[in-house]
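Notes for the structure review
One letter stands for each residue in the lines below.
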Amino acid sequence: MSDRRTIRRYAHELYPHPDEWEVRPLEVEVPYLYARMVGLDMWNTDWFDLGNDPDKNTRRLAHDRTMLFIAAKEKALLADAIFQGITSGQAWEWAMSRAADEASEIAYERAAYYDVPIRQIKPYPILGERDHHYHDGERVGSGVVQVLIKSKESECPVCTEPIEAES
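Described in the following lines is the structure provided in the data block. (Residues numbered from 1 in each chain as written. Predicted model: local features only at pLDDT ≥ 70, side-chain atom pairs only at ≥ 80, totals over all residues. Heavy atoms only, no water.)

Generally speaking, a soluble globular protein has its nonpolar side chains buried in company with each other. In this structure, Tyr34, Ala35, Met37, Leu77, Val116 and Ile121 are the most contacted members of the largest nonpolar core, which totals 28 residues. Residue assignment for this core shows that the elements contributing at least two residues are helix H2 (26–40), helix H4 (56–83), helix H5 (88–99) and helix H6 (105–113). The element best represented in this core is H2, accounting for eight residues. (Core = buried A, V, L, I, M, F, W, Y, C linked by side-chain atoms within 4.5 Å. Buried < 20%, exposed > 50% of the residue type's maximum accessible area, 1.4 Å probe, protein only. Helix = DSSP H or I, 4+ residues; strand = E, 2+ residues; numbered from the N terminus.)

Right under this line is the structure:
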């Protein structure tokens, strides 16, 4: 067992799931739903490897993950609309028109609006952790060059921290 863990956390570690049958206020639920959406995004997961796998069942996992992400995005946006006081068909129209953004930029902007720490959320793997990950490199224009690191994030000394002993 390792004495280190990744610095980034899964969404549920930052925003715990509700208890069974618990109905939480929207001011708690909306950030949770956006964090869950971020965690279910496919970027930096094994999704890209699975979609081209010759095994039909493995490809199905990639498809199912895509559907989970889309559903999570729609639910977060709809809860956001309701929390804003938008009702009825206007809430549906507001949410679904933003959910149609394939790049999900609008949903990510809404997550940031609720102070969801997007870059601190580790994506949920589909089958397992990838054997590589990326670090931010030099700034170029308004962006940052990503540097490929040929090791798992959980094994990287830069991306992990010591596990503190519980008292």
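Turning our eyes to something else, we now look at H6. Inspection of H6 places Ala107, Tyr108, Arg110 and Ala111 among the buried residues, and these make up the whole buried set. Each buried residue of H6 sits inside an arc of 160° when the element is viewed along its axis, so together they form one side. What points out from H6, more than 90 degrees from its buried face, is the exposed set Glu105, Glu109 and Tyr113. For H6, the secondary structure elements touched by its buried residues are H2, H4 and H5. Just downstream of H6, Asp115 is the residue with a positive phi angle, here 60°. (Arc of directions from axis to C-beta. Contact = heavy atoms within 4.5 Å.)

Attention now goes to the pattern of salt bridges. Going through the model one piece at a time under the given rule, you end up with seven salt bridges. Ionic pairing is found between Glu161 and Arg5, a salt bridge with its closest N-O pair at 3.5 Å. Taken as a pair, Glu161 in strand E4 (residues 160–162) and Arg5 in strand E1 (residues 4–6) lie far apart in primary sequence, 156 residues in all. Note on Glu161: relative accessible area 24%, which makes it partly exposed. Taking relative accessible area as the criterion, Arg5 reaches 40% and is therefore assigned partly exposed. For Arg24, the salt bridge is made with Glu29, and the minimal N-O distance between the two is 2.8 Å. Several salt bridges converge on common partners, so that one network encompasses Arg5, Arg9 and Glu161. (Salt bridge = Lys/Arg side-chain N within 4 Å of Asp/Glu carboxyl O.)

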